[in-house]
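This is what each chain is made of:
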Amino acid sequence: MNQTTQPHIRVPLPDGSTLTAVGYPQDDYPCINLYLHRDGHPEELVCFVEFNREKEPGKEVHIGVYREGEEDTAYYAPYEGGVLLP
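Residues numbered from 1 in each chain as written. Predicted model: local features only at pLDDT ≥ 70, side-chain atom pairs only at ≥ 80, totals over all residues. Heavy atoms only, no water.

Visitor: How do you make sense of the pairing of strand β2 (residues 18–24) when you look at a structure like this?
Guide: Regular strands show a simple pattern: their side chains alternate between the two faces of the sheet. Pairing analysis gives 5 bridges linking strand β1 (residues 8–12) to β2, with the strands arranged antiparallel. Its bridge partner lying in β2, P12 is registered against T18. Linkage of β1 to β2, two consecutive antiparallel strands, is achieved through a turn of 5 residues, within which G16 is found at a positive phi near 95°. Pairing geometry for β2 and strand β3 (residues 31–37), over 7 bridges, is antiparallel. From the neighbouring strand, V22 faces β3, where its bridge partner is N33. Hairpin remark: β2 followed by β3, antiparallel, with 6 residues in the connecting loop; positive phi at Y29, about 55°. (Pairing = 2+ DSSP bridges. Helix = DSSP H or I, 4+ residues; strand = E, 2+ residues; numbered from the N terminus.)

What follows is the structure, encoded as structure tokens:
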């Protein structure tokens, strides 16, 4: 899905870069992705929060965090009652 056609908000940062939160209200894995835009660099997917129907009840909301230059998540865990579980 194209970011510009999805609900989104852009937040300018003091260093000239921009964070963009984009909502993807799809049926499978509805989520919000956070992208970092820096001059002279390709856009980066920094992190996301998703609803994963495959997880046990009460632990469907998961947070994923990426590391620069790596395709796989560096962190992926459920969000439960204000606490991130390892």
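Structure's up, so let's keep going.
Visitor: Help me out: how do you make sense of unusual backbone geometry in this one?
Guide: Excluding glycine, residues mostly carry a negative phi; peptide bonds, for their part, are mostly trans. Even without a glycine there, the phi angle at Y29 is positive, about 55°. Topologically, Y29 is positioned in the loop between β2 and β3.

Visitor: Looking at this model, I keep getting lost on a nonpolar patch on the surface. Mind explaining?
Guide: Among the surface-exposed residues, I32, V49, V61 and Y79 lie close enough to one another that they form a single nonpolar patch of about 300 Å² accessible area. Among the secondary structure elements, I32 is positioned in strand β3. A relative accessible area of 45% means that I32 is categorised as partly exposed. (Patch = residues over 30% accessible without salt bridge, like charges linked within 9 Å, V, L, I, M, F, W, Y side chains within 5 Å. Areas by Shrake-Rupley, 256 points an atom, 1.4 Å probe, with all protein chains shown as cover. Salt bridge = Lys/Arg side-chain N within 4 Å of Asp/Glu carboxyl O. Buried < 20%, exposed > 50% of the residue type's maximum accessible area, 1.4 Å probe, protein only.)

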